[in-house]
Amino acid sequence: MLYAVIAEDVADSGTKRAEARPRHLARLEALKTEGRLIIAGPHPAVDSPDPGPAGFTGSLVVAEFPSLQAAEAWAKEDPYVEAGAYAEVTVKPFKLVLP
């Protein structure tokens, strides 16, 4: 089943994100290689694909996991969590309707 991992950043998360980004992306690449990643990306803090110093306010990952517990465990081990970039992470079942 698909699950949405919805993360909200702490204030001024840029340095923490930068430090953990290579490890964060490696985990997403592993999901992609396994054919389980649907979509992933950050939420810019301003209405621009490149928010510059405004940074990001959170992230969204939609991927396939065998269970809600497995998705929660995966999210809990995210390098952004370990680095303190995320203030809160919510994991919810997701039903893909379109496309």
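Right above here is the structure, for reference.
These notes cover the structure that comes with them.

Scoring rules and cut-offs
Residues numbered from 1 in each chain as written. Predicted model: local features only at pLDDT ≥ 70, side-chain atom pairs only at ≥ 80, totals over all residues. Heavy atoms only, no water. Salt bridge = Lys/Arg side-chain N within 4 Å of Asp/Glu carboxyl O. Buried < 20%, exposed > 50% of the residue type's maximum accessible area, 1.4 Å probe, protein only. Helix = DSSP H or I, 4+ residues; strand = E, 2+ residues; numbered from the N terminus. 1 Å grid on protein atoms, 1.4 Å probe; cavity = no way out; pocket = protein on both sides within 12 Å on 5 of 7 lines; lining within 4 Å. Points joined across faces, edges and corners; volume = space filled by probe spheres on them. Pairing = 2+ DSSP bridges. Axes fitted to C-alpha atoms, helices over the stretch in contact; angles between N-to-C directions. Contact = heavy atoms within 4.5 Å.

Right, let's get into the pattern of salt bridges. Tallied over the entire structure, the rule returns 3 salt bridges. Among the ionic pairs, Arg-17 bridges to Asp-9, the shortest N-O distance being 2.6 Å. With respect to burial, Arg-17 and Asp-9 carry one shared label: buried. A salt bridge links Asp-78 to Arg-27; its shortest N-O distance comes to 3.6 Å. Remark: Arg-27 occurs in helix α1 (residues 14–33) and Asp-78 occurs in the loop between α2 (68–76) and α3 (79–83); sequence separation between them is 51 residues. Each of the two residues, Asp-78 as well as Arg-27, counts as buried.

Time to look at empty space enclosed by the protein. For the structure on display, the rule yields 1 cavity of 30 Å³ or more. By volume, the largest cavity is sized at about 40 Å³. Surrounding the largest cavity, Val-5, Ala-7, His-24, Ser-59, Leu-60, Val-61, Asp-78 and Tyr-86 form its lining. Listing elements by their share of the lining of the largest cavity, those giving two or more residues are β1 (2–9) and β3 (56–64). In terms of residue count, the dominant contributor to the lining of the largest cavity is β3 (3 residues).

Let's shift gears to the pairing of β1. When a strand is regular, its side chains alternate between the sheet's two faces. Judged by how many residues are buried, β1 sits mostly within the fold: 6 of 8 residues are covered. Relative to β3, β1 runs antiparallel, the two sharing 7 bridges. The residue of β3 that forms the bridge with Val-5 is Val-61. As paired elements, β1 and strand β4 (residues 86–94) share 8 bridges and run antiparallel to each other. By the bridge assignment for β4, Leu-2 is matched with Phe-94.

Further remarks concern the sheet that holds β4. The 4 strands lie next to each other as β2-β3-β1-β4, forming an open sheet whose pairing is antiparallel. Each of the sheet's edge strands pairs with one partner strand only, and the pair in question is β2 (37–44) and β4. Going across the sheet, the axis of each strand differs from the next one's by a mean of 10 degrees, ignoring polarity. In this sheet, β3 lies alongside β2 in antiparallel orientation, the contact comprising 7 bridges. The partner of Ala-40 across the bridge, within β3, is Val-61. Against the sheet, α2 contacts β1, β3 and β4, and its axis sits at roughly 155 degrees relative to β4.

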